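Read off the chains here:
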Amino acid sequence: MEYKNGVCRYELKSVTDILKRKDPIYEEYLDEFERAQNGENVGKPMYIVLEVNNYCNMRCKMCIRSMDEGQNSSHVLKMELIDKVLGDIEELDIPSVFLGGGAECLINPDIKEIIKKIRTIKRTVSDDVLITNGYELSDDIIDLLIEEGWEKIFISLDAATQSTYQKIRGRELAHVERRIQRLIDRRREANSSFPIIRVSFVVMDENDDEQKMFFDKWKDKVEIIDFQKLTVYNKEMAIKSGLPMPKEICKQPFSRMEVDSFGNIFPCCSEWNKHIKLGNIENMHLKDAWNGPLINKIRDSWPNHVMEVCRTCLYRE
């Protein structure tokens, strides 16, 4: 497998073509997105990762939430702060919201209202993503995503068999597979290409021998299959010193920001981002965070003087 920034992607259908069929203007957007991914500051983040709650319905063995219960405090991002984030997104004409970063957004009691609010944002183009483990992918949510023309759904699975899914995620694989199949069936019935479906697989000792089985299971059903390198966290999230410079530039501070369920703004969605908080949406706008001194310091450190927190995040033995 060939990994880039820790991900090996199989695009089984051209996502670019699917988006361009929706609207030719997507070609310009995708060009701008590519420039941001390659380390060019295009004047705004191309997407905002929005964590609307910090609790989850699973305790996956590789997740920081399974190591530190303090990460699960039943906290939700207040609706007035969500409204402020969405207002800033509209003002900056940010194309994409990644809904659900950091925790399982589908268990937020207001998730349907939040989805609808996101789709009312006036933007030149939209390319919204819902990130989920798929377990609570109800018929109501499926129908809402299709009706709204929601562009993408990213579903984290990490296993091809029940025994491995149980070891890693502690739940019933057949249940989430049925929910994904329901999404596929309803999308076909609606004669829609959206949402584009990606399934993902974090490679670790427990599932290493199931990679081919996972690929074969989904290759004729979804548009994207991602295999991801395991990121090893520690409870203290301590920064390591003396690590080598990364071989690849990190695209995150050039293309995204995250707002967590407490309103904190970060230049990336890594768990190490807690060391580089840019501010809080309660008293700061996204525009100011994007142009602030800390995020510019992070960008300017590439490629020869990368900050230790970034080297800690990107280091892979």
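Given the structure is predicted, the values throughout are model-derived calculations rather than measurements. (Residues numbered from 1 in each chain as written. Predicted model: local features only at pLDDT ≥ 70, side-chain atom pairs only at ≥ 80, totals over all residues. Heavy atoms only, no water.)

1. Digging into the overall build of the chain
Put simply, the rule reads: In DSSP terms, a helix is any run of H or I states spanning at least four residues, a strand is any run of E spanning at least two, and both are numbered starting from the N terminus. A radius of gyration in this sense is built from C-alpha atoms; the matching globule rule multiplies 2.2 Å by the number of residues raised to 0.38. The contact criterion used is simple: two residues touch if any of their non-hydrogen atoms lie within 4.5 Å. Note that accessible areas follow from Shrake-Rupley with a 1.4 Å probe, and for residues the cover is restricted to the protein chains shown. For the purpose of charge, His is not counted, nor are the chain termini; Lys and Arg are scored as positive and Asp and Glu as negative. To locate a charge, take NZ of a lysine, CZ of an arginine, CG of an aspartate or CD of a glutamate.
Within the chain, the secondary structure is distributed over 13 helices and ten strands. Against the 2.2 N^0.38 benchmark of 20 Å for 317 residues, the chain shows a C-alpha radius of gyration of 19 Å, consistent with a compact globule. Dimensions of the chain, computed from the C-alpha atoms along their principal axes, are close to 50 × 45 × 35 Å. A separation of at least 24 residues holds for 72% of the contacts in the chain among residues at least 6 apart in sequence. About 14400 Å² of surface is accessible on the chain, with carbon and sulfur atoms providing 46% of the total. Of note, the chain has its 47 positive side-chain charges centred 2 Å away from the centre of its 55 negative side-chain charges.

2. Focus: the environment of R186
Put simply, the rule is: Exposure categories follow from relative accessible area, calculated using a 1.4 Å probe and restricted to protein chains: below 20% of the type maximum is buried, above 50% is exposed, and the middle band is partly exposed. Definition of a polar contact: a pair of N or O atoms within 3.5 Å, with one able to donate and the other able to accept a hydrogen when the atoms are protein atoms, and with sequence-neighbouring residues admitted only if both atoms are side-chain atoms.
Within the secondary structure, R186 is located in helix α8 (residues 173-189). A relative accessible area of 19% means that R186 is categorised as buried. Between the alpha carbons of R186 and L137 there is a distance of 12 Å; along the sequence they are 49 residues apart. When neighbours within four sequence positions are excluded, R186 is seen to be in contact with I142, D143 and I146. A polar atom in the side chain of R186 sits 3.0 Å from the side chain of E189.

3. A word on the side chain of N133
Examined against the element boundaries, N133 turns out to sit in the loop between β4 (129-132) and α6 (139-147). Within the structure, the side chain of N133 is placed 2.8 Å from the side chain of N57, a separation counted as a polar contact. Discounting chain neighbours no more than four positions away, the residues touching N133 are C56, N57, M58, E104, I155, S156, Y165, R169 and V176.

4. Things to note about the pairing of strand β2 (residues 47-50)
Heads up, the condition is: Note on pairing: DSSP must find at least two bridges between two strands before they are called paired.
Alternating residues of β2 divide into Y47 and V49 and I48 and L50, and every residue in both groups is buried. Both β2 and strand β3 (residues 96-99) contribute to a ladder of four bridges, which runs parallel. Within β3, the residue paired with L50 across the bridge is L99. When β2 meets strand β8 (residues 256-259), the two strands line up parallel, connected through four bridges. Within β8, the residue paired with L50 across the bridge is V259.

5. Focus: the sheet that holds β3
The test is simple: Note on geometry: axes are lines fitted to C-alpha atoms, helical ones only across the stretch in contact, with angles between N-to-C directions running from 0 to 180 degrees.
Here ten strands make up an open sheet; going across it, the order is β1-β7-β6-β5-β4-β3-β2-β8-β9-β10 and the pairing mixed. Each end of this open sheet is capped by a strand with a single partner; those strands are β1 (7-11) and β10 (279-280). As paired strands, strand β9 (residues 264-266) and β10 are joined by two bridges and run antiparallel to one another. Along β10, the bridge assignment pairs I265 with G279. Packing against the sheet, helix α1 (residues 15-22) makes contact with β1, β5 (152-156), β6 (196-203) and β7 (224-229), and its axis sits at approximately 155 degrees to β6.

6. Examining the packing of aromatic side chains
Each aromatic ring pair is summarised here by two numbers: the centre-to-centre distance and the angle between the ring planes. Put simply, the test is: What counts as a ring pair is set by centres within 6.5 Å for rings of Phe, Tyr and Trp (its six-membered ring), and what kind of pair is set by the plane angle: stacked under 30 degrees, edge-to-face over 60, tilted for all other angles. By definition, being over a ring means that NZ of Lys or CZ of Arg is both within 6 Å of the ring centre and within 35 degrees of the ring normal.
This model, assessed by the stated rule, comprises ten aromatic pairs. Put simply, the rings of Y26, Y29, F33, Y47, F98 and F154 touch in pairs and so form one group of aromatic residues. Across the ring face of W290, the terminal group of R299 is positioned such that the distance to the ring centre comes to 4.2 Å.

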